[in-house]
Structure formats: structure tokens, C-alpha cells
Amino acid sequence: MNISPLAGKPAESAPLVDIPKLLAAYSGEKPDPSVPSQRVSFGTSGHRGTSFNRSFNEDHILAITQAICLYRKNQGTEGPLFIGIDTHALSKPAYETAVEVLAANGVEVRLAMGDEFTPTPVISHAILTYNRDRKSGLADGIVITPSHNPPQDGGFKYNPSNGGPADTGVTGWIERKANEMLEAKLAGVKRMPFEKAAAAATTPRHDFFTGYVADLGNVLEMDVIKGSGLRIGIDPLGGAGVHYWGRIAEKYGLDLTVVSEVVDPTFRFMTLDWDGQIRMDPSSAYAMQRLIAMKDRFDLSAACDTDHDRHGIVTRSVGLMPPNHYLSVAISYLYKNRPRWPAAAAIGKTVVSTQMIDRIAAKIGRGLLEVPVGFKWFVGGLLDSSICFGGEESAGASFSRLDGKVWTTDKDGFIPCLLAAELTVRIGKDPGDCYRQFEKEFGVAVYDRVEAPATRAEKAILERLSPDQVKETELAGEKIVARQTRAPGNGAPIGGLKVSTQNGWFAARPSGTEEIYKIYAESFLGKDHLARIVDEAQKLVTAAISPGAKPATVPAPDDVARAEDNMRNEGDPN
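Report follows, based on the coordinates. (Residues numbered from 1 in each chain as written. Predicted model: local features only at pLDDT ≥ 70, side-chain atom pairs only at ≥ 80, totals over all residues. Heavy atoms only, no water.)

## Describing the sheet that holds strand β8 (residues 232–235)
Stage number 1. Pairing within the open sheet is mixed, and its five strands lie in the order β9-β8-β10-β11-β12. The outermost strands of the open sheet, each flanked by one partner alone, are β9 (256–258) and β12 (319–320).
Stage number 2. Set on the sheet, helix α9 (residues 244–252) makes contact with β8, β9 and β10 (300–304); between it and β9 the angle comes to about 160 degrees.
Stage number 3. Against the sheet, helix α14 (residues 414–427) touches β8, β10 and β11 (311–315), its axis set at about 170 degrees to β10. (Pairing = 2+ DSSP bridges. Helix = DSSP H or I, 4+ residues; strand = E, 2+ residues; numbered from the N terminus. Contact = heavy atoms within 4.5 Å. Axes fitted to C-alpha atoms, helices over the stretch in contact; angles between N-to-C directions.)

## Observations concerning helix α5 (residues 168–183)
Stage number 1. For α5, which comprises 16 residues, the first-to-last C-alpha distance of 22 Å matches the rise-based estimate of 22 Å (1.5 Å per residue) to within 8%.
Stage number 2. When α5 is considered as a whole, its buried residues turn out to be V170, T171, G172, I174, A178, N179, M181 and L182.
Stage number 3. Lining the buried residues of α5 we find β1 (42–43), α2 (58–75) and β6 (153–159).
Stage number 4. Between a side-chain oxygen at the N-terminus of α5 and the backbone nitrogen of G169 the separation is 3.1 Å; the capping residue is D167.
Stage number 5. Positive phi shows up at K185, right after α5, with a value of about 55 degrees. (Expected span 1.5 Å × (residues − 1). Buried < 20%, exposed > 50% of the residue type's maximum accessible area, 1.4 Å probe, protein only. Polar contact = N/O pair within 3.5 Å; in protein donor to acceptor, adjacent residues only side chain to side chain.)

## Let's talk about the packing of α2 against α5
Stage number 1. Two elements in contact, α2 and α5, have axes whose closest approach is 8 Å; the angle formed by their N-to-C orientations is 130 degrees. As far as their axial angle goes, α5 and α2 are oblique. For α2 against α5, the interelement crossing comes out right-handed. Residues D59, H60, A63, I64, Q66, A67, I68, L70, Y71 and N74 of α2 pack against V170, W173, I174, K177, A178, M181 and L182 of α5.
Stage number 2. For the contact of α2 with α5, a count of residues per class yields 12 nonpolar, three polar and two charged. (Parallel < 35°, antiparallel > 145°, perpendicular 65-115°, else oblique. Left-handed = near helix turned anticlockwise from the far one by under 90°. Nonpolar A, V, L, I, M, F, W, Y, C, P; charged D, E, K, R; others polar.)

What follows is the structure in C-alpha cells.
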């Protein structure tokens, strides 16, 4: 990654998105379905794009919502559909478009009281709460959010009756139907004016606040935090949870300060991410300069991304924790301090998450469910409690209730932030100090992600690689112990390649949106060893996908890591 000279600087040092122009393009620009980038495309987290390049426009939302109505009918889903939005500028018009279609199709839609923003985990929680003990008339949901993406982006996700992100079978069906409707100039799409739709008998208001906030005491030991004297600072980053944190503090008597409730669709209050863009990523030291500045103001500080399904934790001991570090601490604490969790419940992790989790799992005697990238792979395990924790290296996680039953099947940013407070009080040291103890016991892990160029054809080859195509027997001086193109936990394709040794590994996956592939790598033998892994990984992948080609140069991971490290604890030194 080439770090922008603007990284970590105030967002106002770069051009801000023109909101009126963005909204005008939403309704005024029409996508051309013959152009691949303008078709409906569901990635790991729904359909995303921007109205500026005709990848997220009114026609997309009309077609996708009608396709969801057809899917619900085919599946016999007759309960209410819970719908939520985040604070991105395109979310509100997309919400209104979706409600127009849902109401015209006679779908019972539950809208938030007071047109409040609704976080992703709150929608998942509402679906599961409604469906508990039901066999028919099941509910499902839609969340309109591009997650932590830049301000010009929009996103649209469907969560079926299991409460989690729809799997590829579901999204593939919806995607095909939606594109057929785009090609047919929206023939078959039903719609009514928003004012009529919002006032329809099938469109009642729902109190999302009370149901979610009141239930938090069943997933966390809130009484442990209450009265502890722990001072907590929360930055909602102008996201969908902006008004939830105050309710949580009031309900449970927490010494919790919400440092800002400003909602601004330009997100001008942010600092710029590594590439000079505005991105509400709570794991990025560049984007989280405001949060890092809170390190000494509170005992513990935390933030969530725009739809509140990701978390960022700042401790006095280490500053902003890398997601892999906090996931490791959370897993160790939870499996030791949740006596009602099933003894056989495993730990869920993605193939690109830290190997520190493997070492912790072995120490505490828990199994691992290692799955491809995407939280949808954890849904079944969280539902039946065969796993009680599912986490991604990108700072997304959810875990079971105190009694071991399902909480949410989508990522929840609230509960990891509050868990950091619970464990700090119980253990007497913050998560940063806990992770330092792991390093003494299990070794120091260094981790990074870099990018390398790849053509569309090369990306397709990488996605379909066979382990037999990797002929090398060593990686960075160590014997290769595993070559994987399928996740060991469920046998699903990982969409790339993972190669492991005793003290290191890399995974290479093609980007779905750019002409690059991404290399995730980790070493327990230091930064020099990590640099060797990354270098050899690129050579190995290039040989497999483009024999005879010369690998392009990627930045040394220690250079990128050093820049991140400088930002995490002290903030921008300039």
C-alpha cells in the first residue's frame, strides 16, 4: 500500500463530497445493465456503489427490493421485514425507494420510530427476537449501509430469517432477478409514493431502541461495569449508533461519555485514511486520530463504524489495538468467563485472522472453525451454539449470550466495545496489557496486508487455484505444512490460496473491485521474516497465475507497519 501524504490529516484538507450532486445523481442517472460495473452485484456485504458512477442508483434499489419481495414469496417468508439505515447520504433516498416497493407488494415493514438510524446488529437482534420459538410467519430484514466506506457510497444488504448476512445462494438469486428487471427497464416492479407507503397499515413503527438496549444485560455483565468507576469514552463516528450509546449509559448506570453526536453526511470530522480517502474504519490508525487522542482522557475509549457492526478499542497501555490483538483478548476472556457456554462450543475465525487465536484455542482446549472471509459463514454456528464467538480480522465480531444462546448472527460493534470495559474491570488490566501477556506466552506476531497488481484473467486463475499448483516446499526458510484453497472449518472455497508454516503464513485473494490481489501475511519470527513471507508469497502466486511473469514490487511490510504503529499510540506526529 502506498501511504498518502494526507493520511491521518483532517478530512477538510481534501475535497469533500458534494451531497446535493450525489443525491441528484441517485434519481437522475440511469444504470446501463450492459456495463458490468453498473449491474447489481452482491459482494460479501450486499450491493455497494455510488450514484456518481451509476453503480448505486434508484433503479438498482427498485430492482433489488422487488427481487427480495419475490424471494420472500418463494420462501414463504410472511412475517415482518425490519428495515434500518445508517448515516451515509445515499441511505435515506434508498430507504424511501425500498419502502415504496415493499409497501406496494403488501410486505409488512417495521420502520424505526422517529425515523431513527438503525445499526446492523440491532436489525439482526430484532429478527432473531421476533423469530424465537416461531416455526412460521418468520421475519427478515434489510440494512441500507455501505459500512465504513467513503461518504459517496451506498450499500444495500438483505438478512433472511436467520438474522445474518444472506449466503451466496440467496444473494445470487436476488442478484439475477434484479439484473433481469434492470434489463427489462424495471418491468414487474411495483411501487407507490413514499408518503402513502409510510402511512400504510402494513408499515407500522417499531421501537428498536428498547428491545436492543434492554437485552444487553443478557450478553454482557453490565453490573460489573456499573459502579466500577471505569471512565469510558465513545465516538460513534457520526454513525447509526449515535443515539444508542446515551441510552445504554442511562439504562445501566455507566460512566460513559459520548464525545460527539454530530451527524454530517460529508464526515468532515474524520481524519483521512491511508489512501487519503474518508473512511469510517475504526481499526485504521489514520482514520481514528480523534479516537486515539482520547487515550489519556478516559480509562478506555472505543468507536464503531457507520452501521456499528465493527469496533475499535483504544487503551491507555497501547493506544489503538489492531483488530487481531483485541479479538485474541476477547476470545480468551470470554471462553474462560462464560461458564454457561457449551463445553464443546468452538471458536470461529476467518482464514486471514491471526494465528494467535489458534495458539490461544489450543491452550484453553477449544476447537476452531476456520472459514472463508465473510461473516455469513458464522451464522449457522452462532445460531446452534456450535460456536459462541465469530470474528474477522477486519474488526467484526459477535458472540453468544451469557447462557450460550444466540445474540446476533451479524457483526455487532456495541458488544465488543462494552466487553472491553467488562474484562478491564474483572481482570484489573486493560485489553492492551492482556495482549502483552499473550506475547510473552505465545510469541510476538507481526501481521500485515499488502496489494499486488493482477489482471482480471489472473484474478480468475487465483480464485480457482488448486493446492497442487503450488510446487514450493518452503516459505521464508520454513517447511510448508499446509496449502489451502478451501477453509479447513467448512470446506468452502476461500477464493484464493493460503500457505502456512509453523511460524508464519500468507493468504492471497483477488479483489472484487480492483485489478489487484491482496496478500495477508503473519510471522511469529519478526518483521524481517514477515517481509520474506510477503516477497516469496508474491513470487509464488505470480508463478501460479502467470508463469514467466516478473512480480511487481510491493512495499516492504515493515515500512507500512511502522507508519501504522507510530499513529496507533501517539497519533499524528506532525
